[in-house]
Structures are given as structure tokens and as C-alpha cells.
Amino acid sequence: MKQEEKMTAEVIAVFPDKVRISVDSIEDFTIAEENLRVGSYLRIADNDNAVMIAVIENFTIEVANSSEEEPKRKYILEANPLGIIRDGKFERGGDTLAIPPKKVEPAKMEEIQKIFEESLSEEKKFAFAKLSTNRSISVPVDGDRFFNKHIAIVGSTGSGKSHTVAKIIQNAVRGKIGEYEGLNNSHVVIFDIHSEYRAAFPDAKFIDITNLKLPYWLLNSDELQELFIDTEANDHNQRNVFKEAVVKSKKDHFDGAEGQKEKIHFDSPLMFEIREVLQFARDKDTERVPSATAGKDKAGPLNGQLTNFVSRFENKLSDRRLDFLLGNEARDMTFEEVLKSLIGYGDDKSNVTIIDLSGVPFDVLSITVSLISRILFEYGYYYKRLRIDENQDVNEINDVPLLLVYEEAHKYVPNNDAAKYRASRESIERIAKEGRKYGVTLMLASQRPSEISETIFSQCNNFLALRLTNPADQNYVKRLLPDTMGNLIDRMPTLRAGESLLIGDAVVLPSVVQVDMCDPTPASTDIPYWQLWQEQWHNLDIDKIKKIWGRQ
Ligand SMILES: Nc1ncnc2c1ncn2[C@@H]1O[C@H](COP(=O)(O)OP(=O)(O)OP(=O)(O)O)[C@@H](O)[C@H]1O
Ligand SMILES: [Mg+2]
């Protein structure tokens, strides 16, 4: 008997976003060697030679009451249409199938493979994962589209985010068109909060608190105020004195044209002396002015008003942990040196720059991330201007585009207005909104997507959603993802390590994939407690710990 005559499966309902299929005998329906599961593909043909590819969303069993001895079981599959194969070519979208569809069967793996292989031209293909239901099928994305728009990688702790980030970047760094010696032209900056990534990128330029140098005078006025002014106190005197002193010092150190000097303001990106600003505040705090009584003087208008401000200021300047920002070496860095060090254009060229933030004191983490992000964004902005001025091909606005990777993104760009995150949130939100125009893309990894600024998350076009168990996070992600995945998103809590939904405009078919294992791996945070505890007592060098802690 021919299979068609047996009618093991039949489409019983067609909705714009869903097809319902009734299957009599699941054994006959399944193709040899392929297990049918949620996430498997079906092919549904109509009379016009079009074949719809749909992905199974859910599966139910109906037990029909019948007069026969054994109740009859029917299997109901609901599938989500992904696209149509017409004349051998796959197109996204599934609303063009003639009704009623004629035949439904599991898609053959060769057919799926062909879709992945043929939908993208060879030079666009960027692959880092295999199909979860069949690990022999590589699932490439359109590499240009993937990196051109912001990318979100979400998943609970241990779901595989760090490994996924590492794998994607390792493949990006290894890709080459043609044959040449040396580095390719990829440029990635990783903000690493847990010191994980050095192990995965041994050739990367590594910057941590011991060699990070960021001149305080590159901070903008908001960041400067966040650092030096007690924002809780909301003290206008502090602000005014600080601003006046910064502008004065910028003018005093300016050696450009005289006419330009008048235009210098609080935000002018110019060197100034932070110690002069402190002295200015001290002077105001102790100032005495002539009094009406001849020969006598009296307390100046701010005398004694700035004592707390001055002592806070002094504490910052003497805090060795802030030397990377406020020390003399940081002050003397030129802008070019800072930029070169951040994008791997120093003496040792590198594709990947790892900025290890683990030693940066928590109270300056936000402005540190903000400053670096802003410099990198502005690099994109001014580089584009330069290229346009020089009449370069304006279609290619930046031939040295950057990818900025934020691990634990909810820590820099939270979904709330807390003052202590304002600086980093503003800088990163600006990149989220405008970065694409200047060749600066974000990759955000987070275990708490619901705590990430929505402004940023909603600008992401490609998503890797790994296992996510917290319902608040699941709902948040669901809401922001394109609908095409339907109930597939409900699989989020059950995914294995490294297994992920791959969704977005760079993706040929929204798919459940297994991300390829990276090599080398990021430093695992799994500490073998039980092994360590069973060893003989370890000695601790408390003195060394004290030094790195920055305690006197
Ligand atoms: N693609 C993969 N294939 C197989 N195993 C993986 C894969 N990715 C991760 N794993 C395993 O899962 C574990 C956790 O991975 P990873 O450290 O990347 O998780 P994470 O999501 O970054 O966690 P955290 O939020 O705690 O940082 C690793 O020990 C690794 O062995
Ligand atoms: Mg991680």
C-alpha cells in the first residue's frame, strides 16, 4: 500500500500562525531514525507545488470514544509555519499555502539541511551551532546581519552563556576571506566582570586594574559629578564650586588659540588638573573676605560649607584603588593612547580586548564602563565623519566595526533609575539606539533579562535564549521576542547546557540549536569544594590579599 493512501496524518486546521495536524499512527508517521519531538520540522505540501516547513510546537493525545473494544488514540500536533519552499527556494513566512494542504509528513533532514545550506551565500555564513535534533546539521546565521545589529544572550546561571559568547567570538576571530597571514579585521571588546574570558582568549589584549589607565579628564560632567559630588546631599554649592573649578583648570591648561579659550565649558574634552580643583574647593572652604570694618576680614560666603565635600574629595584622591583613574599616570595618558589600548591597536595588535573589571571598586564601576563605552561609541561616530569628509565609500561607514560584549549586562544597564547606574546606562543606551549607524554593536549576556533596561533589550535583533527558569524572566523574554517562535519559547526551562533558541533577522529558520563547544573554554566558576575541603589545611597569604584589596 502506498503511504499516501494510508492517510496517517492530516491537516485539520490552518491558522495564520499555526497548523493543526491529526495523526492516526505515530509510528507510521515518524521517519526511520528520526525521533519526532517538539522542535522537529514538518513538511506540508499543497497542490501548487509549494511545501511549507513548520516546526512542532506541541503534541497531545486524544482518546476518542468509539464503540470498538479499544478506544482509539489520535495524536494532535500543532506546528508553527516557518516558511515555504517554492521551486526549490526557501522563503520565510507561511501564509501562502493553498488550502486545504494535501500532505503532511516529517521533513527529511536533507531538506532541512538544504534550507540551511542554500539560503545563505557562502561568504555570509557564520556558524557556531548545530541543530539540536540533529547534530550533523550546522545552523549558520547571516554573519553580516548578525553582527550589524545588537545581540542578546540570555539564560539562567549555568545555562551556557559564557561558553556561547566565547564560541561566537572565537569563530569571529578565526574567520578569513582568502589567504593571508596574521590577524583578521575583527574587533571585539569584552567587559568581563568575573575574570572568565582570559582563559578563552589567550591571545587577547588583557586589561585589568593593574594596567588599566583611564584619565579622569575624559569623564563627562555627569560622570565627574557622580564621582566627586555627594548626589544624595543635592548641594548646589558643591556643584557650582566644582564646575567653576573644572572649567577654570581646563582654561588654565589650554594652549590653543586665544579665541577658543572663551568657549571652553564643563564638558569640553580637555585635560585639567584634578588637584587644582581640590585646592580651589579648599580655598573656598577657608576663604576670608574683607569686612566692612576697616582692617578686619570675615568668613567668605562658602567658608565652612564645603568641608565634607573637601574631605570626600581628598579621600578619593588618596584612594590607591582609584589610581587607574585619578593617578598621575592616568592623567598623563593621551587620548590616542587610551583609544589604542581599548581597541587593540597598541604595540601588540589583537582582535579581542578583555577589560577585566573584577578589581574596579564597585562605586566607580558604572562610570568606568560608561567612560570606556562612550569612548568606543565616539570612535565610531568620528571615524564615520572622517570617512565621509574624505569621501570614502559612504555605504561602508566604518571599515573597522566593533563589537562590545557586556557580560552580566543587568549590572550596568538595569531596568531602574538608580543613580549609581545612571552613567553606564546612558552610555550603553546611546549605543543601543545609535551604534548601528556607526559600526558599534552590542552583545549583551544576562541571567536576569527582566532586569535589563528595556530600551536596550528591545533594540536587539538577534537572540540566543538558553535555559531560563525564572518565570518573570521567561515572560519578559517572550514579550520581546518576535512571535514566530510561538510556543517553542515554552521550551526555555527545559533546555540543556549550551542548548538555545536561535531567533532573529540573521537566522534562516528560528531553531533550537546546540551551540558548539568553545575551545579553549572560559574559566569555569565551578570550584571543586569537596575536593578542596578534603585536602590538608591550606595556608593563606593574608598580606598579599590585603595589598591587592588596596588596604593600607
Ligand atoms: N555549548 C555547550 N555544549 C556543552 N556544554 C556546555 C555548552 N555551553 C556550556 N556548557 C556547560 O555548561 C556549564 C555552564 O556554562 P557557562 O559557564 O557558559 O554558563 P553561564 O550561563 O555563563 O553561567 P553563569 O550565569 O553562572 O555565568 C559549563 O560548565 C559547560 O561545561
Ligand atoms: Mg557566565
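Along each chain, residues carry numbers from 1 onward, in the same order as the chain's sequence is written. Going through the entries in the order they are written, you letter the chains from A and number the ligands from 1. For this predicted model, a pLDDT threshold of at least 70 governs which residues receive local features, and a threshold of 80 or more governs which side-chain atom pairs are given and counted, while totals over whole chains, interfaces and linings are taken from all residues. The basis for the side-chain values is all heavy atoms of the structure; hydrogens and waters are excluded.

### Here we look at the nonpolar core
Then step 1. Counting residues in hydrophobic clusters, the biggest one holds 89 residues, and the most contacted among them are F242, L325 and Y406.
Then step 2. By the criteria applied, helices consist of DSSP H or I runs no shorter than four residues and strands consist of E runs no shorter than two, each listed in order from the N terminus. The element best represented in this core is helix α14 (residues 362-389), accounting for 11 residues.
Then step 3. Throughout the structure description, domain borders are defined by an automatic or database domain assignment. No fewer than three residues from each of domain 2 (152-175 + 183-214 + 333-524) and domain 3 (221-316) sit in this core.
Then step 4. Pairs of residues are marked as contacts when any of their non-hydrogen atoms sit within 4.5 Å. In this structure Y406 touches F191, V369, S373, Y412, I428, I431, L442, M443, L444 and A445, once residues within four positions along its chain are discounted.
Then step 5. The nonpolar core is taken to be a set of buried Ala, Val, Leu, Ile, Met, Phe, Trp, Tyr and Cys residues, with the residues joined through side-chain atoms within 4.5 Å. Each residue is placed in one exposure class: buried if its accessible area under a 1.4 Å probe, protein chains only, is under 20% of its type's maximum, exposed if it is over 50%, and partly exposed if it falls in between. Judged by nonpolar contacts, the second largest core, of 52 residues, contains V165, Y197, L466 and C518.

### Points about the layout of surface pockets
Then step 1. The definitions used throughout rest on a 1 Å grid laid over the protein atoms alone, on which a cavity is an enclosed set of points accommodating a 1.4 Å probe that cannot get out and a pocket is an open set flanked by protein within 12 Å on both sides along at least five of seven lines; lining residues are those having an atom within 4 Å of a point. Grid points are joined across faces, edges and corners, and a volume is the space filled by probe spheres set on the points. The space that makes up the largest pocket amounts to roughly 1,200 Å³.
Then step 2. Forming the walls of the largest pocket are 30 residues, and the residues nearest its centre are G143, D144, F147, N185 and P401.
Then step 3. Contributing elements (two or more residues each) for the lining of the largest pocket: β8 (125-131), α4 (143-148), α5 (161-174) and β16 (402-406).
Then step 4. Looking at which element gives the most residues to the lining of the largest pocket, the answer is α4, with 4 residues.
Then step 5. Think of it as three bins: nonpolar holds Ala, Val, Leu, Ile, Met, Phe, Trp, Tyr, Cys and Pro, charged holds Asp, Glu, Lys and Arg, and polar takes everything else, Gly as well. A per-class count over the lining of the largest pocket returns 10 nonpolar, 12 polar and 8 charged.
Then step 6. What the second largest pocket holds in volume is close to 620 Å³.

### Quick look at the packing of aromatic side chains
Then step 1. Each Phe, Tyr or Trp ring, with Trp reduced to its six-membered ring, pairs with another whose centre is within 6.5 Å; inter-plane angles below 30 degrees give stacked pairs, above 60 give edge-to-face pairs, and intermediate values give tilted ones. By the definition in use, this model includes 22 aromatic pairs.
Then step 2. Relative to Y75, the ring of F59 has its centre 5.8 Å away and its plane inclined at 40 degrees; by these criteria the two rings are tilted. Of this pair, F59 sits in strand β4 (residues 51-64) while Y75 sits in strand β5 (residues 72-86), placing them 16 residues apart in sequence.
Then step 3. Grouped by ring-pair contacts, the aromatic residues F228, F242, F266, F309 and F313 constitute a single cluster.

### Overview of the site of ligand 1
Then step 1. When at least one non-hydrogen atom of a residue lies within 4 Å of a molecule or strand, that residue is treated as near it. Residues in contact with ligand 1 amount to 15 residues; listed here are only the nearest, T157, K161, S162, H163 and V515.
Then step 2. What qualifies as a polar contact is a pair of N or O atoms within 3.5 Å, subject to a donor-acceptor requirement within protein and to the restriction that residues adjacent in sequence count only when both atoms come from side chains. Within the contact set of ligand 1, an oxygen atom lies 2.8 Å away from a side-chain nitrogen or oxygen of S162.
Then step 3. Between V515 and ligand 1, the recorded distance is 2.7 Å, taken from a backbone N or O atom to a nitrogen atom.
Then step 4. Of all elements in the fold, only α5 and β20 (511-515) reach the threshold of two or more residues within the shell around ligand 1.
Then step 5. At 3 residues, the largest contribution of residues to the shell around ligand 1 is made by α5.
Then step 6. In terms of residue class, the shell around ligand 1 is made up of 3 nonpolar, 10 polar and 2 charged.

### Quick look at the packing of helix α6 (residues 221-228) against helix α10 (residues 307-318)
Then step 1. Whenever a helix is involved, its axis is fitted only over the stretch in contact; in every case the axis is a line through C-alpha atoms, and angles between N-to-C directions fall within 0 to 180 degrees. Direction vectors running N to C along α6 and α10 enclose 100 degrees, while the axes themselves pass 9 Å from each other. When the interaxial angle is binned, α6 and α10 end up roughly perpendicular. For the pair formed by α6 and α10, the contact residues are E226, L227 and F228 on the first element and F309, R312, F313 and K316 on the second.
Then step 2. Of the residues assigned to the contact of α6 with α10, the class counts are 4 nonpolar, no polar and 3 charged. We call two directions roughly parallel when the angle between them is under 35 degrees, roughly antiparallel when it is over 145, roughly perpendicular when it lies between 65 and 115, and oblique otherwise.

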